[in-house]
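Notes for the structure review
Residue-level listing of the chains:
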Amino acid sequence: MMVRTQIQFTPEQADRLRRLAAEKHVSVSELVRQGVDQILVAESTPSREELVRRAMSVVGKYKSGKRAHYGRDHDKYLNEGKRW
């Protein structure tokens, strides 16, 4: 089901949309829906800064319960796991 709505474009936007729609063999409405979908995906995807902030918020928060120094000796432990 689609919801009907009305939007206004500048003359240049309307002309460019009509030409692009013709090139792609789709309707102007389809192009607008695709554009809206791209915006909605971009807005729902966390920014790099947000992802870094989330990752940093847990750094050092948990302990392994073992006496090994995984943070300090991580290269040693990673190299032990190599099989190539």
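Thresholds, definitions, all that
Residues numbered from 1 in each chain as written. Predicted model: local features only at pLDDT ≥ 70, side-chain atom pairs only at ≥ 80, totals over all residues. Heavy atoms only, no water. Helix = DSSP H or I, 4+ residues; strand = E, 2+ residues; numbered from the N terminus. Buried < 20%, exposed > 50% of the residue type's maximum accessible area, 1.4 Å probe, protein only. Areas by Shrake-Rupley, 256 points an atom, 1.4 Å probe, with all protein chains shown as cover. Salt bridge = Lys/Arg side-chain N within 4 Å of Asp/Glu carboxyl O. 1 Å grid on protein atoms, 1.4 Å probe; cavity = no way out; pocket = protein on both sides within 12 Å on 5 of 7 lines; lining within 4 Å. Points joined across faces, edges and corners; volume = space filled by probe spheres on them. Nonpolar A, V, L, I, M, F, W, Y, C, P; charged D, E, K, R; others polar. pLDDT = per-residue confidence, 0-100. Patch = residues over 30% accessible without salt bridge, like charges linked within 9 Å, V, L, I, M, F, W, Y side chains within 5 Å.

Points about the overall build of the chain
- The number of helices and strands found in the chain is 4 helices and 0 strands.
- Seen in sequence order, the chain has helices and strands lined up from the N terminus as α-α-α-α.
- Looking at the chain as a whole, 5% of its 84 residues are labelled buried.
- Counting every atom, the chain has about 8500 Å² of accessible surface; 54% of that belongs to carbon and sulfur.

So, the pattern of salt bridges
- What the rule picks out here adds up to 5 salt bridges.
- Ionic pairing is found between D15 and R19, a salt bridge with its closest N-O pair at 2.8 Å. Remark: R19 and D15 occur in helix α1 (residues 11-24); sequence separation between them is 4 residues, near one turn of the helix.
- By relative accessible area, which is 33% here, D15 ends up partly exposed.
- Accessibility expressed as a relative area gives 46% for R19, which makes it partly exposed.
- Here R53 makes a salt bridge to E50, at a shortest N to O gap of 2.7 Å. Remark: E50 and R53 occur in helix α3 (residues 48-58); sequence separation between them is 3 residues, near one turn of the helix.

Some thoughts on the layout of surface pockets
- Its boundaries defined by the atoms lining it, the largest pocket holds a volume of some 380 Å³.
- As for the largest pocket, its lining consists of M2, V3, R4, T5, I7, F9, V28, S29, V32, R33 and V36.
- One number sums up the size of the second largest pocket: a volume of about 170 Å³.
- In terms of residue count, the dominant contributor to the lining of the second largest pocket is helix α2 (residues 28-44) (5 residues).
- Residues belonging to the lining of the second largest pocket are distributed by class as follows: 4 nonpolar, 4 polar and 1 charged.

Things to note about the confidence of the model for the chain
- In this model, the chain carries a mean pLDDT of 86, and residues with pLDDT of at least 70 account for 86%.
- Here helix α4 (residues 74-80) stands out as the least confident element of the chain, with mean pLDDT 73; α1 is the most confident, with 98.

What to know about a nonpolar patch on the surface
- Together, V52, M56 and V59 make up a nonpolar patch on the protein surface, roughly 300 Å² of accessible area in all.
- With respect to the element layout, V59 can be found in the loop between α3 and α4.

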